[in-house]
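The residues making up each chain are set out below.
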Amino acid sequence: MKNCLWLPVLLLAALLETTAAQAGTRICNDTEALHQLAVTLHTGGRWVAQGWQPLLPGDCAEPVPEGYHSKFFYFRAEGAGYRFRDDSVRFCTAPGRFRIADDGACEVPNQSRQGFAKALTGARERTVQLSSRSHPESSGAAAAPLQEIHYASADGAQHADRSNYAVDVVFQGCTQQGETETVTCKFVGNGMEIGAEGRVQISDPVFTYLLGLLRGAPLAIDGEMITRFGSFGELELHSVTPRVPNRFDKMLQQMQGEWLSERNPKDRFSISGAVRRVRYGGVEMTPEFITIQESCRDLQGAGDYLMAWDSQRGTSMCYLIQSLGAERMTLVYLPRGTRLDYRRVP
C-alpha cells in the first residue's frame with residue numbers, strides 16, 4: 001500500500017520541479033555478472049520507464065539525456081544470481097525492449113510493477129556502481145560495502161569526493177525544528193550513529209515518510225557520507241528502504257525498555273531503538289550503540305551476542321546472550337565470563 005501512495009507524491013514532485021539538472025550521471029556495472037538495465041525518466045510531464053539495456057561487467061551507461069530537468073531519476077538492474085535493492089518506488093516494466101508511460105494502470109499482459117532505486121543528477125559527474133544496489137543472492141548481505149563516488153573536475157580528471165554509504169540501520173527517530181520544514185533524523189548501524197537532515201516537502205518524500213515511522217524500525221539507507229568523526233556520521237540521505245525484521249531485529253525489539261540487575265539494585269539500563277543508556281547509582285554513563293549478531297571478535301557459533309560501542313570513546317564490549325524472555329534476561333560479559341541477570345522494570 002505504501003508503494004501506491006508514494007507514486008502520486010513522486011509524480012506531483014516532478015511537476016513542481018523547476019530546477020534544471022545537467023546530465024552527467026553514469027551507471028557502471030562493477031559486478032561479475034551481465035545485468036539488464038531499465039531507467040525511468042520524467043519526460044513530457046510524466047514518468048516514462050524504458051529498458052532493457054544489457055550492461056556487461058565493466059561497462060557503463062549514461063541514461064540521462066542532456067538538458068534533463070529533474071534532480072533525480074530511477075533505475076533497476078537485473079542479473080542472474082543477483083538481488084536488487086530498490087527504494088519501494090514501482091514502475092511498469094515488460095520483458096524484452098519496452099517503453100511505458102506510467103499512468104498508474106499497468107494492466108497490459110506481460111507488464112508488471114517492479115521496484116526501482118532513486119539516483120540523483122547534478123552539475124558534476126556522478127557514478128553509480130551497481131554493487132551498491134545489486135547483491136549476490138548467496139552472500140546473504142543486505143548492505144553494500146563502502147563505495148566511492150567520483151566526480152569529474154574541470155580538466156576532466158576524476159578525484160574521490162564524498163563516499164557512497166549503504167548500510168542496514170535501526171531508526172532512532174526524527175526531530176522537526178519548530179515550525180520550519182527542516183527535519184533531523186538519526187539511525188544506528190555498524191556501531192555508529194548516523195544523522196541526516198532534510199525538509200518535509202512534496203519534492204522529496206523521504207523525510208515525510210520517516211516522520212511517520214516508530215523508533216526501532218529496521219531500515220536500509222544509503223546516501224553520501226558528508227562527515228564522519230569517531231562514532232558519528234552525517235549523511236546526505238538518498239533513499240530509505242524498509243527491511244523485513246530478521247531474527248536479530250526481533251531480539252532487539254524484545255529488549256526494548258528498562259532493565260534492573262537482580263544482584264545489584266544500583267545497576268540498571270534502558271534500551272531505546274539501538275541505543276543503550278546505563279545508569280549506576282543514579283549516574284548515567286555514556287550512551288552506547290548496540291547490535292545483536294552471531295559472532296563477537298574471535299567467538300562464533302556459541303550463541304547470539306550483544307555488542308555495545310561507547311559513543312564517545314568508540315570502544316566496544318561483548319556479551320553472550322544466555323537467555324532472553326519477556327521479563328528476564330541473562331548476559332555473560334566476555335571475556336571474563338561474568339554472569340549478569342536482569343529483570344524488566346514495569
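For the structure itself, consult the block above.
Let me sum up the structure you'll find in this document. This structure is a prediction, so every number in the text was calculated from the model and none was measured.

Within a sheet, neighbouring strands are paired by backbone hydrogen bonds and run either parallel or antiparallel to one another. The strand order across the open sheet formed by six strands is β7-β9-β5-β2-β3-β8, and the pairing between neighbours is antiparallel. Two strands in the sheet have a free side with no partner beyond their single neighbour: β7 (89-93) and β8 (98-101). For this sheet the average axis-to-axis angle between neighbouring strands, irrespective of direction, equals 35°. The sheet contact formed by β7 and strand β9 (residues 112-120) spans five bridges and is antiparallel. Within β9, the position partnered with C92 by the bridge is R113.

Read across the open sheet, the three strands follow the order β4-β1-β10; overall the sheet is mixed. The sheet is open, and its two edges are formed by β4 (60-61) and β10 (126-129), each paired on a single side.

Now for the pairing of β8. The two faces of β8 differ: F98 and I100 on one face are buried, but R99 and A101 on the other face are not. Where strand β3 (residues 46-55) and β8 come together, four bridges link them in antiparallel fashion. Looking at the pairing, V48 lines up with A101 of β8.

Tracing the sequence through the fold places F187 in strand β14 (residues 182-189). In this structure, the C-alpha to C-alpha distance between F187 and C174, residues 13 residues apart in sequence, is 9.3 Å. With sequence-adjacent residues up to four places away left out, F187 is seen in contact with V169, V170, F171, Q172, M192, E193, I194, A196, L210, L219, I221 and L237.

On the surface, Y280, V283 and M285 cluster together into a nonpolar patch covering about 270 Å² of accessible area. Note on placement: M285 falls in the loop between β21 (283-284) and β22 (288-296).

Applying the stated criterion across every chain, the model contains three disulfides. Across the disulfide, C28 is cross-linked to C60 (sulfur-sulfur distance 1.9 Å). Here C28 and C60 share a disulfide; its torsion about the S-S bond, 105°, makes the bridge right-handed. With a gap of 32 residues between them, C28 in strand β1 (residues 25-28) and C60 in strand β4 connect regions that are remote in the sequence. Note that C296 is cross-linked by a disulfide to C318, the S-S spacing being 1.6 Å. With C296 in strand β22 and C318 in strand β24 (residues 316-324), this residue pair connects regions lying 22 residues apart in the sequence. Summarising the burial analysis for this pair, C296 and C318 share the class buried.

Moving on, we get to unusual backbone geometry. G51 connects to W52 through a cis peptide bond whose omega is -10°. Along the chain, W52 turns up in strand β3. The backbone of N190 shows a phi angle near 60°, a positive value even though the residue is not glycine. Assignment of secondary structure puts N190 in the loop between β14 and β15 (192-199).

Rules of the game
Residues numbered from 1 in each chain as written. Predicted model: local features only at pLDDT ≥ 70, side-chain atom pairs only at ≥ 80, totals over all residues. Heavy atoms only, no water. Pairing = 2+ DSSP bridges. Helix = DSSP H or I, 4+ residues; strand = E, 2+ residues; numbered from the N terminus. Axes fitted to C-alpha atoms, helices over the stretch in contact; angles between N-to-C directions. Buried < 20%, exposed > 50% of the residue type's maximum accessible area, 1.4 Å probe, protein only. Contact = heavy atoms within 4.5 Å. Patch = residues over 30% accessible without salt bridge, like charges linked within 9 Å, V, L, I, M, F, W, Y side chains within 5 Å. Areas by Shrake-Rupley, 256 points an atom, 1.4 Å probe, with all protein chains shown as cover. Salt bridge = Lys/Arg side-chain N within 4 Å of Asp/Glu carboxyl O. Disulfide = S-S within 2.5 Å.

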